[in-house]
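# Working through the structure, step by step
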Amino acid sequence: MESKLQFFFLTLFLLILTIHAQTLGTYIVQLHPHGTTKSLFTTKLQWHLSFIQQTISSDEDPSSRLLYSYRSAMDGFAAQLTETELEYLQKHPDVISIRPDRQLQIQTTYSYKFLGLNAAKENGWYQAGFGHGTIIGVLDTGVWPESPSFNDHDMPPVPKKWKGICQSGKAFNSSNCNRKLIGARYFTKGHFAVSPTRIPEYLSPRDSSGHGTHTSSTAGGVPVPMASVFGYAKGVARGMAPGAHIAVYKVCWFNGCYNSDIMAAMDVAIRDGVDVLSLSLGGFPVPLYDDSIAIGSFRAMEKGISVICAAGNNGPMAMSVANDAPWIATIGASTLDRKFPAIVRMGNGKVLYGESMYPVNNRISSNSKELELVYLTGGDSESQFCLKGSLPKDKVQGKMVVCDRGVNGRSEKGQAVKEAGGAAMILTNTELNLEEDSVDVHLLPATLVGFDESVTLKSYINSTTMPLARIEFGGTVIGKSRAPAVAIFSARGPSFTNPSILKPDVIAPGVNIIAAWPQNLGPTGLPEDTRRVNFSVMSGTSMSCPHASGIAALIRSVHKKWSPAAIKSAMMTTADVIDHKGKPILDEDKPATSFAMGAGNVNPQRALNPGLIYDIKPDDYVNHLCSIGYTKSEIFSITHRNVSCHAIMQMNRGFSLNYPSISVIFTNGMRRKMFSRRVTNVGNPNSIYSVEVMAPQGVKVIVKPKKLVFKKINQSLSYRVWFISRKRVKKGDDNMNFAEGHLTWINSQNGSYKVRSPISVSWKAK
């Protein structure tokens, strides 16, 4: 019956999609003012009509679809188009952007829509009650409580189990909390011990930098209609779990976050009664016994709290993943298919693709003037980075300044250019950033171009005595690019301290995420920025972490008795490994490996109903620490348990942690490894699952049994996997070789249950 209903809804959904594709909508099509086809027509009206002519059937009059032809205010037109015609036009090289006339389609915190959550009755949000009843604790820079994302209209009462407080402080008192923002605290002692001087920000839970407001609203912000950033990305802003409650713990200040403060916050959060802890914090990897977040989160996990952490932004360097404890859900960053084009048209007629959210007062005439380009290198001032005070006024006044990424912040470079009298800026990626496209709400006309484009730009500057360029701003474009893809900055595995666990666990949207922002802060966060917004844009695994935290809250509200390991398993085994075009998720121009994306990109809809879960009890983690060689004192520092690893290993011969992914390491002389796993049925009572294996290259994989027959819900069954290496590791061979594959349990009756585990294999000579 359930599968018939699912089939019915799928058929209905596809039917609605087909009808919708043929429905006319009004769109504003913005064209390149110097479009390649423009010269073929005597008037702009004819040029504009030609675009419609190309898309509609030959017997239809294009002028019947045209509403307006814009000539002075902008180059482009308004027309009625179907989805199919729209898709065709989006690929046209002369089209900068196409925006819906009504602000209903493009979503500001668009990531929820991209991940498949929408307000349809049969959708995951309804199944999960939008996260009602769950409490997400966010450790960050605080919160701006007046943001519309924290309005408590229609929110249920504060859960009875909540024991937290709303701590008063500078510009913050207990009345700032409500049924949405149910608690707020701040922690300064560790910070003051290092920096005894008074800090230039609110000594209270109030957010001074924007980061905490942004992450909190991403996890659980309520719907805010007609949200945008100066007209970019218009739509409804929503967190992943808009019905969940939020508790904020301010542990980060202008000069960083101290472990003592973080630990204190985790300590009270556990007592306060949070269900999920979201930590967009972390640096380079450290051993678990030296990692206060790993230690604090072990305690939280024991109490049934899911701990979700950012993987870190030190990618694409290998072994850079942080927060890699097996009881933490470690989240890398992925991209969305939403772009903010701001192309550079050089004096030689060539175009470089760039992105920006610089607010154009009148997007209809959205081009900055053609200006002389200047790129200052050499000398001791490191002017190429556009550091404050490094740009001589006589050389940059009225010009478009090229600034390399690195050393200082992207928006700070714009401020330095502006202070020196520069009129515009092109930010250029270095080899470190490659084609990463983090956008900013710049203080002056500016755009960011990728590394390949930067090489072309600099070679043009060197080729002429008077290099010229203009920036053309293209608004918001959705659906033209392949996504999700792995963000370049997202930290990579294998884990430096614990390679027996594959990390990161999953990736989630973390590039150009729009979310709530303090109303006393400019969108760049710079003190010189006097503009005010309710929403701004940020990139980083800091943004992907709260996406996963909100999804964990949704799963928790459907499956109240699930352990943190079960919730993480649901996210991992249902994650997507293909993008929205049906092709493998990319990392730069190659298919992403499990060291870049873990199990894949989160799919909240499927995670709510995973079919099978890999559960792990706290004792299992202790056994794991013994199995990887941690000493008695190291294990005690993490778990507060006095254990004898010798006795544990005697009782658990051949132990392997019941993790949803598998990391196999062949060291010198080793040819064969066995792993045992145990899955619990959380789908239909009578379920049969068959295994499908894609073996890593150079490895033979044997699974026993090949079929799992479940009679009831919550029944657990075990299986074993043998990995046999076909290649030898030679002594003295310092190279580490990798291969990967996957193991998937597929439900014979309901093919939508696919429980996938990534496999990574490493050959390592000791």
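Cut-offs and rules
Residues numbered from 1 in each chain as written. Predicted model: local features only at pLDDT ≥ 70, side-chain atom pairs only at ≥ 80, totals over all residues. Heavy atoms only, no water. Pairing = 2+ DSSP bridges. Helix = DSSP H or I, 4+ residues; strand = E, 2+ residues; numbered from the N terminus. Contact = heavy atoms within 4.5 Å. Axes fitted to C-alpha atoms, helices over the stretch in contact; angles between N-to-C directions. Parallel < 35°, antiparallel > 145°, perpendicular 65-115°, else oblique. Left-handed = near helix turned anticlockwise from the far one by under 90°. Nonpolar A, V, L, I, M, F, W, Y, C, P; charged D, E, K, R; others polar. Core = buried A, V, L, I, M, F, W, Y, C linked by side-chain atoms within 4.5 Å. Buried < 20%, exposed > 50% of the residue type's maximum accessible area, 1.4 Å probe, protein only. Domains from an automatic or database assignment. Phe/Tyr/Trp six-rings, centres within 6.5 Å; stacked < 30°, edge-to-face > 60°. UniProt positions renumbered as here; feature names shortened; annotations may be inferred. Salt bridge = Lys/Arg side-chain N within 4 Å of Asp/Glu carboxyl O.

Taken together, the 8 strands give an open sheet; going across it, the order is E17-E16-E23-E19-E20-E21-E22-E18, and neighbouring strands pair in mixed fashion. Lying at the two open borders of the sheet, with one neighbouring strand each, are strand E17 (351-352) and strand E18 (354-355). Relative to strand E21 (residues 424-428), strand E20 (residues 400-404) runs parallel, the two being bridged by 5 bridges. By the bridge assignment, Cys403 is partnered in E21 with Leu427. The strands that helix H11 (residues 410-419) touches are E20 and E21; relative to E21, the one it contacts most, it runs at about 145°.

Two quantities define a packed helix pair, namely the angle between the axes and the distance from one axis to the other. The contact between helix H2 (residues 44-55) and helix H3 (residues 83-90) brings their axes to 9 Å, and the two run at 120°. It follows that H2 is oblique to H3 by the angle criterion. Where H2 crosses over H3, the two elements pack in a sense that is right-handed. Touching Phe51, Gln54 and Thr55 of H2 are Glu85, Tyr88 and Leu89, all from H3. Classifying every residue of the contact of H2 with H3 gives 3 nonpolar, 2 polar and 1 charged.

Right, let's talk about the nonpolar core for a bit. General note: in soluble globular proteins, nonpolar side chains tend to be found buried as a group. The biggest cluster of nonpolar side chains holds 90 residues, and the ones touching the most others in it are Leu139, Tyr249, Leu277, Leu279, Trp327 and Met571. Mapped onto the domain boundaries, this core takes at least three residues apiece from domain 2 (111-334 + 484-522 + 538-608) and domain 4 (612-616 + 657-763). In contact with Trp327, other than residues within four places in its own chain, are Leu288, Ala294, Ser297, Phe298, Met301, Lys568, Tyr621, Leu625 and Ile638.

Turning our eyes to something else, we now look at the packing of aromatic side chains. Tallied over the full model, the rule gives 14 aromatic pairs. Both rings, one in Tyr232 and one in Phe340, keep their centres 5.9 Å apart while their planes meet at 75°; by these two values the pair is edge-to-face. You can see Tyr232 sitting in strand E8 (residues 232-237) and its partner Phe340 sitting in the loop between strand E15 (338-339) and strand E16 (342-346), a full 108 residues away along the chain. Overall, the relative accessible area of 0% leaves Tyr232 in the buried class. A relative accessible area of 0% means that Phe340 is categorised as buried. For the pair Tyr719 and Trp745, a centre-to-centre distance of 5.0 Å together with 65° between the ring planes defines the contact as edge-to-face. Of the two residues, Tyr719 is situated in strand E37 (residues 716-725) and Trp745 in strand E38 (residues 736-747); the sequence distance between them amounts to 26 residues.

Moving on, we get to the UniProt feature "active site" (unreviewed entry) in the protein. The sites that carry the UniProt feature "active site" (unreviewed entry) are, in the present numbering, Asp140, His211 and Ser542. In terms of the greatest pairwise C-alpha distance, the residues named above, spread along 403 residues, form a tight cluster of at most 9.7 Å across. Along the chain, His211 turns up in helix H7 (residues 211-220). Exposure remark for His211: the relative accessible area of 17% places this residue in the buried category.

Apart from glycine, the bulk of residues carry a negative phi angle, and the bulk of peptide bonds sit in the trans form. Looking along the chain, the bond that leaves Ala483 and enters Pro484 is cis, with omega of -5°. Looking along the chain, the bond that leaves Gly493 and enters Pro494 is cis, with omega of 0°. Tracing the backbone through its elements, the reader meets Pro494 in the loop between strand E25 (485-486) and strand E26 (506-509).

Residues of strand E12 (residues 276-279) alternate between two faces, with Val276 and Ser278 on one and Leu277 and Leu279 on the opposite face, all of them buried. Where strand E5 (residues 135-140) meets E12, 4 bridges bridge the pair, whose relative direction is parallel. Following the sheet pairing, Gly137 is matched in E12 by Leu277. When E12 meets strand E13 (residues 306-310), the two strands line up parallel, connected through 4 bridges. Across the sheet, residue Leu277 finds its bridge partner in E13, namely Val307.

What follows is about the pattern of salt bridges. Close approach of charged atoms allows side chains of opposite charge to pair. One pass over the full model with this rule turns up 26 salt bridges. Residues Glu372 and Lys399 are paired through a salt bridge, measuring 3.9 Å at the closest nitrogen-oxygen approach. Linking Glu372 in strand E19 (residues 371-374) with Lys399 in the loop between helix H10 (393-396) and E20, this pair joins segments that are 27 residues apart in sequence. Sharing partners across several salt bridges, the network here consists of Glu60, Arg65 and Glu85.

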